[in-house]
Each structure stands twice: as C-alpha cells, then as structure tokens.
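# Residue-level structure breakdown
The primary structure of each chain is shown beneath.
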Amino acid sequence: MPRPFVLLSLFAAGMLYPASRTCAETANPFETADLSWRLAEADCPARVAAQQRSFQQPHAGQACEHLQIEAGRGTYVYVTHDIDHARVIAELSPSVWVRSDRTGIQLLARVVLPRAEDPRTGRAMTTLIRGTSYDKAGSWQQLQIRDAAQLLARQLVILRSQFGSHIDAREAYLDLLVLNAYGGAGETNLWVDDLEVAGYVSSSVDNPQIGIDTRAPMRWVSLSTAGHEELPSGLAESHVRLQGSVLMAEGRPLLVRMIEHNGESFEWLKALGFNTMKLSAPPTNEQLQEARRLNLWLVAPPPQTAGGGTISAAHDRVLAWNLGQRLAVRDLEAASELAAQVRRSDVLKGRPLVCSADAHLWHYSRIIDLLMTELSPLGTSFELSDFAPWLRERTRLARPGTPFWATVQTELAEELVGQVATLGQDFRLPIGVEPDQIRLLAYNAIAAGARGLCFQSRSRLDARDESTQLRAATLQLMNLELLLLEPWAAAGSLAGEIESTTPGVRVAVLQTDRSRLLLLTRHGAGQQYAIGPYESTPVSFVDPGASLTSQGYTLTPAGLLPLRHGRRDPGGMRITLDEFGLTGLVLLTQDPLVVNHVQRQLTAQGSSVAKLQNEIASRWMTAVEDTQRRLSTPPPNVPVVASLQEASGSLRQAQQLLAAGDNRTSQELAARTNRALAKIRHGYWQHTVAGFPSPAASPFCASFATLPLHWSIAGRLNSGRWNESGMTGGDMEDLPRMQQAGWQHHRHVATPAHSHVELATKAARSGRFGLRLRTWTDDEPSAPSVVEVPPVWISTPPVTVRQGQLVRINGWVHLPSEMAGTRDGLLIFDSIGGLPLAERIRRTGDWQQVTLYRVAPLNGQLTVTFAVTGLGEAWIDEVTVSLLEANEATAAFGPVAR
C-alpha cells in the first residue's frame, strides 16, 4: 500500500472515532473453562479429536487451550475464534501465542466488506488476510498480523480483478481470527494462549440501504469440507503419493524426467529416456491407455469437474494434476478453489497437485503439493552460475519442506528466435543450445534439491532437421546420466555445499543412509551464451561429512575408479581430482552393494553413452564447420585451423574405437573433440561481444549459431542513418513534461518493500537532474532476504515503429551499490524482446552505458521498462530510442552467405 494511504487511514481513525470508542486492545487469556476455538473449514478430511483447557506449560497464567487435530492430505484446516467487530485500520494488530509439535501453523483473519455484495451468496463479501507462521516446533511463538489495512489493500487488488473495480472497502472490519492448524497429514497437537487484538476500534456496521445482511453467516473463500466428522476409511488411495519431500510412485522413489509433449509418439519419447509426459490439456482416453501400456506417467491439467463430476480411476497414470503455469497474485483465489475442487473430485486420494507461480510462493505452496520453478537463462543476460542459487532462494520463499521440480531449457527463447527470423530472412539456425549448457542446467537443478526435471520443448523432438536431432541425442544422453543420479536425487537429502580451492568449482552433496554423492560443476562468466574452455588443473576440497570408513570413487566412462587422492584431514576427508570436465561425480560409501549397483549401471550404459557422445560430437563438428565458413575473420589468439584439425582427428579416432568396441577410449576422444570445438565457439563469441557494452545488446550475440547474422550487419549498425524518435523526457529534466508525455511509475502491491521515485541532482549524468529509483524495507528481523517481485518500475512513453525498422535503445545507468535480495538487479527490457532479451545490471563502478538493438516484427509501438528488482537504488539518465528505416535495416543484413 502506498504510504499516503496509510497516513490517510491513521487520520481517519483519529477524526471519526473519538477516544471513548477506542481501546488499546481486547484480549482472551484462556483462563476460564469455556472452549472458544472451533473447526470451521478444511480442504481435506479433518476432525478435532480432542479439545480441552490445559494446565500444563501455558504461555502465561494458569491455563491455555489445547486442540488435537487429525487430518488427511491437504493444505489447510481452519479453526476460528470470534472477536468483537474491529475496524480495519493501520494500527490493528491481532496476535496469539501458539505451541505445536509441527510447524506451519499460520494466523489469519476474516475481513468483512459490508458495502460489497458477494455475487455468489448475496451477502457481504469476505476475504482473508494472512499473518505470520509458526516455525519453532515445541516452543511458544507469537503469531501476529501487522498493518491490517495494508494487507487488506493487497487483497482488494485480487478481489477487484475477479469481481470488478466497484468493490467497496469502506467500513471493513474483522470478525474472526483464524488459525490454519494444518501441520500435515496425521495428528497435530496445538496449544493456544494469550489472544490479543491491539489497535482495536469497535465497529457496529449495519447498512440495510444496500440490501446486504452483514449479520448473516458468510461464505468462506474456499469450498467447505467442514462436514467431515471423522477421517473416512476405505477410500481408494493413489499409487502416487508424497512421503515428506520424496515422490513415491508405485512404492518406489521417482526422479521425474519430464518432457513437454508436442504430438510425438509416447513410445518414441520413452526411448529417449523420459518417464513422464507433460500435457497442455487434460489427457484423452487414448493417451491414458498408451501411458498405461508403456508404464509412463502424465502431468496434465485436471478435467472439468465443476458440475459435480469425478476424476475416475481411469486417470491412474496421471502423476500430478497441473493447476497452471506462471501464476500471479490475481490467480491465487481461483487456484485455491480449483485445488479444493480437484481434491474433492479425485477418486484416487493423495495424488499431488503442482503449479508454477511468479509470486506469493508461500501461499501457493499451501494450496498445492509440488512447486515447479520456471527460468530460461540460455541466451539471456542471466548468468548460468546464478541458476542453482536462484533455485534455492525461490524455494525458500515457499513453505518449508515443499518439494519442487525445475524446468530445463532446451531451445533458445522464442523472442530471440523471432528476432533472428525477422532480420535473417531465410537464415536458419544450424544448431540450438549447446549440450553442455543443458547438462549444467540439469546438474545445478539437482544440486539445488530438485526432485524432478521438466525439459522445456516448444517443437517436436522427432523432426529431421539437424538442430532437432542434436537436441534429441543430447536429451537421451542426459537421461542416461540422470539414471545414475536417481537414487540420490529422488530419495536422498541435500546436505549443502563444500567449498573448493578452485575458483568457479562448486561441490554439492546428496546423501542417503548408505552413501554420499558429490556433484561437481564448473562455472564461468557468460556460460549462458557459450561454454568456454577451462584449465585442466587439479581440484581439491575437504568433505567434513564423509565417514572415516568410506571409500571414494569417481564416476567415469570407464566405470567406478577408486580415488587416487583421498586422505583424512582434521576437518574430514580431503579429495583431489586430477581433472574433470564441466561436471563430475564422486561417490563415497562403505557399502559394497552401492558400489556394485553403480558399476553395473555404468557398464550397461557404456555402449549407448559412447554412441551418443560420438553422434553429438559429429553433429557439432558439422555445425561448427558450417558456421565458421560464414564468419570471415577468425578471432585473434584462437588457433581456429589447428583446433578444427584437432577436433577432426579426435573424432575420427573416437569413431574407429567405437566400431572396435572400445567404449571407454571412444568416449574420452569424443570429449576431447567437444573441448576443441568449444574453444572455437567461445573464441568467436568473445571476439564478437567485445565491441558491445554487454552481450545482451544484440540478440545476435546470444549464441555461436547467431554470430553470422551479427557480422553481416556490424558495419551498418555504426554507419546507418539513425533517426531520433523524439521520445520526450529521456533527458530526465522536467517531471511534468515527462508525465504529460506518458512516462509511468508502477509499484507492485504484493511486496513489503517501500519505494521512492524522483528526479534528483545526485542522479544526473548530464544536465541538472537524473531519475532516481530507490527501494527499502523497514529495519526489522523479518525484512526479506529475497525480494519476490520487483517493488517498482518505470516505463517510457510509446514510440511508434514500422515493420522491419531497426531500433536502438540507449541510456546510462548507475548503481551506487549492489542491490540486495535479487539476482536481477536493475532489469531493463523492451516490449519487443520482453524479459528473455532483458539487460541485467547487478553493479556499476561508475555510469554504465546500456544499448539494446531490436527489430520491429510488426507495425506498432515500443516501450522500455526499467525495473528495480531488489533493495537499493538505481540512477537513470539520457534515455533515447533511435530508428533505422526499414529499407536500410533490411539492406544492413544483405544476403547471408550459405
């Protein structure tokens, strides 16, 4: 809520309600024999098995109230406590002390809007506002709702998006305090004491003029299941269930290897190693039968059951129901109702629900069972080395213990491909993303704790073009590697990271009862564009959690090799690897059964892995030679001819040894081929981007495959006749003029961060003023370490563009210090390229120039957005948009060499 609204609320409270009607607080110390909490609603079978006044270890006084709740699998069990109607003002702050044997208990309050009619019931509309949650199992902890007026303002955005802007919040009041007492399936014990309503202002609203009975019972936000008196028995249970964070399918832990389905044969996709198909629509009878025949799993939207229908046992091959992608704040209530409806309609109880959400992950994680994260960093300004930390930060925003699946990008972004198609005319991308980029994404996701991977795919994997065949082979090889990781990724626990002495090398630890698996990944700048060469130097680290009796092995193409360097240090076992590629695996165990299992699997996969590595190396050899011929000038300091000769010789030997059955040496030579080709790709890419402030400046610097397009227009980018767009206000000198021209200031209502936007002298690079954007939070222990959504952003006036015009966006930015709570920093993007082609500014030593080139695919308008995604400040000045006429832009590319 904007701060002026808070001040207005305080003023109104003081003027409209004299001191005689205001008291500091109301309270219930739970000292009498009367029981005051009651079960109101749940989205699962639930009952209060016991309820009494307890005289054992109250928070204060002599007694507290104890509830023992039994529940099935769900997300909420609401118990409520009546309070005198309390007007919603900023000072209103209900609180209660709770103790439980489980975490996750949350305090909420029901708000009544007496001037708004709920069209579903004809009564006054109600909504829930949410307070803090319980995370200290076994101890007393105070739960509190702070600034009820601000929380209500956020809910109003959701209500108005669903029911219309006429929703009237005047005279809103609280009438119920609510505890979500769901601590998980089974038994939860809850003790409650010392309920207080600080900042209480009485309200006795009754407004018959609008025909709403505010005294009648009102409908809850979600569908009621409060009629359950006891846990039902004899219901069919799904053969898919969550056991803690482990997904059990037919009695075994499952690591989900999922592909987005685009019409390919299920049987063909299974041959690539996938065990799950992600559908965009509810499964058909034919798809269910095919999945059952092939023993495959499906993830799909649920069928429509709003009319009271059921989801039958015929859907037994559905692993999880997908409630939506990229859900926002406005979707929260609809998703909650859909989740309740699906749980009620599904005859196979316990089947998980999954969704992906851009915001409010805490609330979404209370509705569903699994979260899916979505980020596509390849070809963008998001550093691939930030992928695993980003995953860990996002999951910390959800309810503790919520398992997640991570998406893995396999194609360049659609917006980028669109720019290539528009400017490149008949140019075809000879290849897609690099196999090592997909591998790094997958390994980082597992290292962050993902229980499954969803490989993104917009197009059919069975197409016959070179790029698609390489992608299919890459994913088949990736699935074989994931089979090795499955025991630890599916059922193990993430034991954290180990610090390595080698810069850029990370070591994540996955642990089971009988073994530890160490995942090594090598990181460097710009890997999301092109994987660079690396020094083959020894890597050393100490594992403090390794058992004294554990034996160490590296997982190699030759199988399990005992560690040559594994000795005890005072801090644990010191492990030294003479060399490894971009990824590596180390097994520590004292159980011979684990060793035998892994060795057998490596032996069984040896031939298939060798064939796939040779195929991938061969296809990359063809693609690099083809692209290199289109690039006239070789990069300095990169021996292109010698590297091609080395790659060609290694590949020829690898293929000969493969034919002779020497899988181990063939794999080693195929890997040597790929390293030589990577040196060429990265050298060309690095030489190209050196002429730009950032690789994100041009969409044609996004990968090695797009570089020929860049060099075909490089000269015209500098010498073309650029016309200034005449965008008003980019000099940041006159605020009324900027506002009149169409500059807009936006603030996200679903963030606790404060923001301020102004023209300031200190933010000027030239002239008198520059634009200053600043965000911060109150200095409280609960201040977020990760900012979930951008608190504030500025958008420029629209600029008219014509199809085929080349657009140059230019500006200067300065970040006095690195922003906190974000991995995006200052996010700069335009309405053509969108977020996939955004520039990210994490830090600047001084003023930094930002340049973005785009091509207009259609006649229309272009705007530019500057978004502060964390806590800190950014200065912006001298923003311009220039245009190159369509005929010049087309001529700039000219005929592309074939």
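Residues numbered from 1 in each chain as written. Predicted model: local features only at pLDDT ≥ 70, side-chain atom pairs only at ≥ 80, totals over all residues. Heavy atoms only, no water.

### Concerning the packing of aromatic side chains
Each pair of aromatic rings is reported with the distance of its centres and the angle of its planes. Tallying each qualifying case throughout the model produces seven aromatic pairs. On the numbers, 4.5 Å between centres and 25 degrees between planes, the contact of Y76 with Y78 is stacked. Like Y76, the residue Y78 is buried in the burial classification. Seen in terms of ring centroids, Y529 and W685 are 5.4 Å apart; in terms of plane orientation they differ by 25 degrees. Their pairing is stacked. In this pair, Y529 sits in the loop between β25 (515-522) and β26 (539-543) while W685 sits in helix α13 (residues 663-689), placing the two residues 156 residues apart along the sequence. Side by side, Y529 and W685 carry an identical accessibility label, which is buried. Clustering of aromatic rings is evident, with ring pairs tying together F692, W722 and Y853. Sitting over the ring of W191, R99 keeps its end group 4.2 Å from the ring centre. Sitting over the ring of W722, R808 keeps its end group 4.5 Å from the ring centre. (Phe/Tyr/Trp six-rings, centres within 6.5 Å; stacked < 30°, edge-to-face > 60°. Buried < 20%, exposed > 50% of the residue type's maximum accessible area, 1.4 Å probe, protein only. Helix = DSSP H or I, 4+ residues; strand = E, 2+ residues; numbered from the N terminus. Lys NZ or Arg CZ within 6 Å of the ring centre and 35° of its normal.)

### Remarks on the packing of helix α7 (residues 387-396) against helix α9 (residues 435-447)
Between α7 and α9, whose axes approach to 8 Å, the crossing angle comes to 35 degrees. The two elements α7 and α9 meet at a crossing, and its hand is right-handed. Between α7 and α9, the residues in contact are F387, A388, L391 and R392 and L441, N444, A445 and A447, respectively. For the contact of α7 with α9, a count of residues per class yields six nonpolar, one polar and one charged. (Axes fitted to C-alpha atoms, helices over the stretch in contact; angles between N-to-C directions. Left-handed = near helix turned anticlockwise from the far one by under 90°. Contact = heavy atoms within 4.5 Å. Nonpolar A, V, L, I, M, F, W, Y, C, P; charged D, E, K, R; others polar.)

### Some remarks on the side chain of Q605
Along the chain, the position of Q605 falls in helix α11 (residues 592-630). Separated by 3.2 Å, the side chain of Q605 and the backbone oxygen of L480 make a polar contact. When sequence neighbours within four positions are dropped, the list of residues in contact with Q605 reads L480, L483 and L484. (Polar contact = N/O pair within 3.5 Å; in protein donor to acceptor, adjacent residues only side chain to side chain.)

### Overview of the pairing of strand β13 (residues 246-249)
Where burial is concerned, the two faces of β13 agree: the one with V246 and M248 and the one with L247 and A249 are both buried. With four bridges joining them, strand β12 (residues 240-243) and β13 adopt antiparallel strand pairing. Bridge pairing in β13 places L242 opposite L247. Between β12 and the antiparallel strand that follows it, β13, lie two residues; G244 among them carries a positive phi value of about 70 degrees. Of the strand pairs in this sheet, β13 and strand β14 (residues 252-253) are connected by two bridges, and their pairing is antiparallel. Looking at the pairing, A249 lines up with R252 of β14. Hairpin geometry of β13 and β14 is characterised by an intervening segment of two residues between the two adjacent antiparallel strands and by a positive phi of about 55 degrees at E250. (Pairing = 2+ DSSP bridges.)

### Observations concerning empty space enclosed by the protein
Gaps left between atoms are located by rolling a probe of water-molecule size over the structure's atoms. All told, the structure shown has six cavities of 30 Å³ or more when counted by the stated rule. Of the pockets and cavities examined, the second largest cavity occupies roughly 70 Å³. If you trace the second largest cavity, you find 15 residues lining it, with G379, A696, S698, P699 and L837 closest to the centre. Taken together, the residues that form the lining of the second largest cavity break down as 10 nonpolar, four polar and one charged. (1 Å grid on protein atoms, 1.4 Å probe; cavity = no way out; pocket = protein on both sides within 12 Å on 5 of 7 lines; lining within 4 Å. Points joined across faces, edges and corners; volume = space filled by probe spheres on them.)

### Overview of the nonpolar core
With 86 residues, the main nonpolar core has F274, M277, L453 and F455 as its most contacted residues. Looking at this core element by element, the count peaks at nine residues for helix α10 (residues 466-491). Counting 49 residues, the second-largest nonpolar core is a separate cluster that includes L92, A148, A172 and V192. (Core = buried A, V, L, I, M, F, W, Y, C linked by side-chain atoms within 4.5 Å.)

### Describing the pattern of salt bridges
Counted by the stated rule, this structure contains 38 salt bridges. For E70, the salt bridge goes to R47, with nearest N and O atoms at 3.1 Å. Remark: R47 occurs in strand β3 (residues 46-54) and E70 occurs in strand β4 (residues 64-71); sequence separation between them is 23 residues. R47 gets classed as partly exposed once you look at its relative accessible area, which sits at 27%. R619 serves as the salt-bridge partner of E466, at 3.1 Å between the closest nitrogen and oxygen. With a gap of 153 residues between them, E466 in helix α10 and R619 in helix α11 connect regions that are remote in the sequence. Classification of E466 by relative accessible area gives partly exposed; the value is 32%. (Salt bridge = Lys/Arg side-chain N within 4 Å of Asp/Glu carboxyl O.)

### A look at the sheet that holds β14
Sheet architecture is open: three strands sit in the order β12-β13-β14, paired in antiparallel fashion. Taken across any chain shown, the strands that pair with only one partner, and hence form the sheet edges, are β12 and β14.

### Describing α9
For α9, which comprises 13 residues, the first-to-last C-alpha distance of 18 Å matches the rise-based estimate of 18 Å (1.5 Å per residue) to within 8%. Most of α9 is tucked away, with 12 of its 13 residues classed as buried. Of all the positions in α9, only P435, Q437, I438, R439, L440, L441, A442, Y443, N444, A445, I446 and A447 are classed as buried. G449 lies just past α9 and shows a positive phi near 105 degrees. (Expected span 1.5 Å × (residues − 1).)

### Quick word on the confidence of the model for the protein chain
Looking at the protein chain as a whole, the pLDDT averages 85, with 88% of positions reaching at least 70. Of the regions scoring below 50 in pLDDT, residues 890-898 engages in 20 contacts with residues more than four places distant in sequence or in other chains. (pLDDT = per-residue confidence, 0-100.)

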